[in-house]
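Here is what each chain is made of, one letter per residue.
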Amino acid sequence: MAGNGSDDLLSIIIRSFAGQEDKVVFPYPSYMLYKTLAELQDSMACDVDFTEGYSLPENFLVKGAKVTFLANPNSPSGTMIPSQEISRIAAQIDGVLVIDEAYADFAEDNCLSLVGQHRNILILRTLSKSYSLAGIRLGFCIAQEHLIQGMMKVKDSYNVDRLSIAAVVAALDDQKSMKAHVEKIKETRLYLTKSLQEMGFFVYPSQTNFVLARCMKGVSAHTLYQALKSRKILVRYFNLRRLDDCLRITIGTREEIDILIQHLKELITTTQSKAMTACCP
Ligand SMILES: *Cc1c(COP(=O)(O)O)cnc(C)c1O
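Here the structure is a predicted model, which means the values were calculated and not measured.

Participant: Looking at this structure, I do not really get the site of the ligand. What am I missing?
Facilitator: If you check the shell around the ligand, you find Gly-5, Ser-6, Asp-7, Tyr-31, Asp-100, Ala-102, Tyr-103, Thr-126, Ser-128, Lys-129 and Arg-137 and nothing else. The backbone of Ser-6 places a nitrogen or oxygen atom 2.7 Å from an oxygen atom of the ligand. Between the ligand and Thr-126, the relevant distance is 2.6 Å, taken from an oxygen atom to a side-chain nitrogen or oxygen of the residue.

As structure tokens, then:
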């Protein structure tokens, strides 16, 4: 099924499979929309914490859950759960398992082949990330026919417009360009990761087009975020549990990343020397 972005499909899925007070499960921290959609549907939103290393905890399998969402690779951590593990989970849950693969083109693995083996798996893909077409609004869902048939009853009759379809068909026909962009981004991701590690950041292993970097002791992520913003460099800061000491940095061009690194080095040296004078005047 095609949708007006994968956000449209997420909304169709929750309206198709979850009702009032039904359990809807998703890990934390992850894509924020899952919780919003569950609440809109008056369902019971159950968020389950990822482990420290961003693997799935034992209690991720919630008994009686109607819908379980998993962004894989995950945002904002960039980390990934192996497809074999996801296959095991799909076999153990009662409801549907939605694997949101918005970043799959940047990853080493994906769950497409599981659709044939599991009646309850729905895979979501989008043109917004690896194809750079976020403004076109197109996502698609791959699942067995009985699930798609249920969703057909819920979706708007004309949820995808003809201009988007024309653009997307052209983009999908040109796999070579997409793959070339993805390769460049992966190279720059490695370069940024190493540079951040050299500066002392902890960088979560990323399978996406961004990295999540945890600040070293004595450096405030929020201060760095604001200082970068005043220099017209936009990174993402989340004022949320487990994320408030981190920055999520999207992989730009090599030139953009070099500018970011240069400013970060400057900022960290000044913050750390300030901290030094604060503790040993
Ligand atoms: C970007 C993103 C989406 C939404 O994509 P659209 O197709 O633009 O609606 C959904 N899920 C995740 C995890 C995303 O990162």
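Participant: Help me understand the nonpolar core, please; the structure alone is not making it clear to me.
Facilitator: Membership of the largest hydrophobic core comes to 39 residues, with the highest contact counts inside it found for Leu-192, Leu-196, Phe-201, Leu-224 and Leu-260. Mapped by element, the contributors of at least two residues to this core are helix H5 (162-173), helix H6 (175-199), strand S9 (210-214), helix H7 (221-230), strand S10 (246-250) and helix H8 (254-279). Formed jointly, this core draws a minimum of three residues from each of two domains, domain 1 (2-173) and domain 2 (176-279). Other than its neighbours up to four places away in sequence, Leu-192 contacts Val-211, Ile-249, Ile-251, Ile-257, Leu-260 and Ile-261. With 26 residues, the next largest nonpolar core counts Leu-56, Phe-60, Cys-111 and Phe-238 among its residues.

Participant: Would you mind going over the sheet that holds strand S6 (residues 121-126) with me for this structure?
Facilitator: Across a sheet, strands are paired by hydrogen bonds formed along the backbone, either parallel or antiparallel in direction. Here seven strands make up an open sheet; going across it, the order is S1-S7-S6-S5-S4-S2-S3 and the pairing mixed. Edge positions in the sheet fall to strand S1 (2-3) and strand S3 (44-49), since each of these pairs with one other strand and no more. Where S6 and strand S7 (residues 139-143) come together, five bridges link them in antiparallel fashion. Bridging from a neighbouring strand, Ile-123 pairs with Ile-142 of S7. Packed on one face of the sheet, helix H3 (residues 83-92) meets strand S4 (67-71), strand S5 (96-100) and S6 and runs near 155° to S5.

Participant: Teacher, can you tell me more about the sheet that holds strand S8 (residues 202-203) here?
Facilitator: Across the sheet, which stays open at both edges, the three strands sit in the order S8-S9-S10 with antiparallel pairing between neighbours. This sheet does not close on itself; its edge strands, each paired only once, are S8 and S10. Here two bridges tie S8 to S9, and the two strands are oriented antiparallel to one another. Within the sheet, the bridge partner assigned to Phe-202 lies in S9 and is Arg-214. Of the strands in this sheet, S8, S9 and S10 touch H6, which is tilted by about 10° from S9.

Participant: Please clarify how the UniProt feature "domain: Aminotransferase class I/classII large" (unreviewed entry) in the protein chain should be interpreted in this entry.
Facilitator: Per the UniProt entry, the sites bearing "domain: Aminotransferase class I/classII large" (unreviewed entry) are residues 3-264 in this numbering. A helix fraction of 37% and a strand fraction of 18% characterise residues 3-264, whose end C-alpha atoms lie 39 Å from each other.

So, how was this worked out
Residues numbered from 1 in each chain as written. Predicted model: local features only at pLDDT ≥ 70, side-chain atom pairs only at ≥ 80, totals over all residues. Heavy atoms only, no water. Near = heavy atom within 4 Å. Polar contact = N/O pair within 3.5 Å; in protein donor to acceptor, adjacent residues only side chain to side chain. Core = buried A, V, L, I, M, F, W, Y, C linked by side-chain atoms within 4.5 Å. Buried < 20%, exposed > 50% of the residue type's maximum accessible area, 1.4 Å probe, protein only. Helix = DSSP H or I, 4+ residues; strand = E, 2+ residues; numbered from the N terminus. Domains from an automatic or database assignment. Contact = heavy atoms within 4.5 Å. Pairing = 2+ DSSP bridges. Axes fitted to C-alpha atoms, helices over the stretch in contact; angles between N-to-C directions. UniProt positions renumbered as here; feature names shortened; annotations may be inferred.

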